[in-house]
Amino acid sequence: MGTRHINPEGLHRSPAFSQAVVVEQPSKTIYIGGQNGVDADGKLVGPSVGEQSEQAFRNLRTILESEGAGLGDIVSWTIAVAEGHSFDEGVAAFQRVWDPSDPPPAISVHVVSGLNAGCLVEIDAIAVV
């Protein structure tokens, strides 16, 4: 694969994320639009950040698998969390779906004033295969 995860000296090193990911050669790139905690029928799966995050991760996996890829191919996540809600449950959901043997992606988390009705989290991603 043509990606390299970098964590230069002088920056914080975390097992949960990479500071940057470099794509070194032409590869297929999959840009995944924001996924909420809704099922295949478009229904919200539950009232908690944890439940909605788990569903959003399932949605991401479904999209990636349709292209012969997996969560380990994601190089960057952007996560939006509704204001007033902790993303701790979302982090726990991420830890359940992420294979710790894969290099962690670059991750940005934003607190936003609102999302679609009832949605507490939205996750988009970029994958390189």
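Not measured: the values here are computed from a predicted model.

**Q** Any chance you could explain the overall build of the protein here in plain terms?
**A** When you go through the protein residue by residue, the secondary structure sums to two helices and six strands. The secondary structure elements of the protein, listed N-terminal to C-terminal, are β-β-β-α-β-α-β-β. For a compact globule of 129 residues, the expected C-alpha radius of gyration is about 14 Å, and the protein comes in at 15 Å, within 12% of that figure. The dimensions of the protein, computed from C-alpha atoms along their principal axes, are 40 × 35 × 25 Å. Buried residues in the protein amount to 36% of all 129 residues.

**Q** Please explain the nonpolar core as it appears in this structure.
**A** The nonpolar side chains of soluble globular proteins are, as a tendency, buried together. With 23 residues, the main nonpolar core has Leu 60, Leu 64, Trp 77 and Ile 123 as its most contacted residues. Put simply, the parts of the chain that give this core at least two residues each are β3 (29–35), α1 (49–65), β4 (74–82), α2 (88–97) and β6 (121–128). If we skip the residues at most four places from it in the chain, Leu 60 touches Ile 32, Gln 35, Leu 71, Trp 77, Ile 123 and Ala 125.

**Q** Would you explain the packing of aromatic side chains in this entry?
**A** The geometry of two aromatic rings is summed up by the distance between their centres and the angle between their planes. If you walk through the whole model with that rule in mind, you get five aromatic pairs. Where Phe 94 meets Trp 98, the ring centres are 5.5 Å apart and the plane angle is 15°; that geometry is what we call stacked. Each member of the pair Phe 94 and Trp 98 is classed as buried.

**Q** Just checking my understanding: could you explain the sheet that holds β6 for this structure?
**A** The strands making up a sheet associate through hydrogen bonds between their backbones, and the pairing can be parallel or antiparallel. Strand order across the open sheet formed by four strands is β3-β6-β4-β5, with mixed pairing between neighbours. Strands with a single pairing partner mark the edges of an open sheet, and in this sheet they are β3 and β5 (106–112). Taken over all neighbouring pairs, the strand axes of this sheet differ in orientation by 10° on average, direction set aside. Inspection of the sheet shows β4 paired to β6 by seven bridges, in the antiparallel sense. By the bridge assignment for β6, Ala 80 is matched with Glu 122. Each of β3, β4 and β6 touches α1; the most contacted strand, β6, lies at about 30° to it.

**Q** Just to check I follow, could you spell out the layout of surface pockets for this structure?
**A** Space left empty within the atom packing is revealed by a probe, the size of a water molecule, rolled over the atoms. Roughly 230 Å³ of volume is contained in the largest pocket. Lining the largest pocket are 13 residues, with Ala 16, Val 91, Phe 94, Gln 95 and Ile 107 positioned closest to its centre. Among the elements of the structure, α2 and β5 are those that each provide at least two residues to the lining of the largest pocket. Among the elements that make up the lining of the largest pocket, the one with the highest residue count is α2 (three residues).

**Q** Explain the pattern of salt bridges to me, please; I cannot follow it from the model alone.
**A** Think of it this way: side chains of opposite charge can pair up when their charged atoms draw near. A complete count under the given rule lists two salt bridges for this structure. The partner of Lys 28 in a salt bridge is Glu 67, and the shortest N-O contact between them spans 2.9 Å. Taken together, the residues span a long stretch of sequence, with Lys 28 in the loop between β2 (20–23) and β3 and Glu 67 in the loop between α1 and β4 at a distance of 39 residues. Owing to a relative accessible area of 40%, Glu 67 belongs among the partly exposed residues under this scheme.

Thresholds applied
- Residues numbered from 1 in each chain as written.
- Predicted model: local features only at pLDDT ≥ 70, side-chain atom pairs only at ≥ 80, totals over all residues.
- Heavy atoms only, no water.
- Helix = DSSP H or I, 4+ residues; strand = E, 2+ residues; numbered from the N terminus.
- Rg over C-alpha atoms; globule rule 2.2 N^0.38 Å.
- Buried < 20%, exposed > 50% of the residue type's maximum accessible area, 1.4 Å probe, protein only.
- Core = buried A, V, L, I, M, F, W, Y, C linked by side-chain atoms within 4.5 Å.
- Contact = heavy atoms within 4.5 Å.
- Phe/Tyr/Trp six-rings, centres within 6.5 Å; stacked < 30°, edge-to-face > 60°.
- Pairing = 2+ DSSP bridges.
- Axes fitted to C-alpha atoms, helices over the stretch in contact; angles between N-to-C directions.
- 1 Å grid on protein atoms, 1.4 Å probe; cavity = no way out; pocket = protein on both sides within 12 Å on 5 of 7 lines; lining within 4 Å.
- Points joined across faces, edges and corners; volume = space filled by probe spheres on them.
- Salt bridge = Lys/Arg side-chain N within 4 Å of Asp/Glu carboxyl O.

Distances and angles like these do not, on their own, reveal function.
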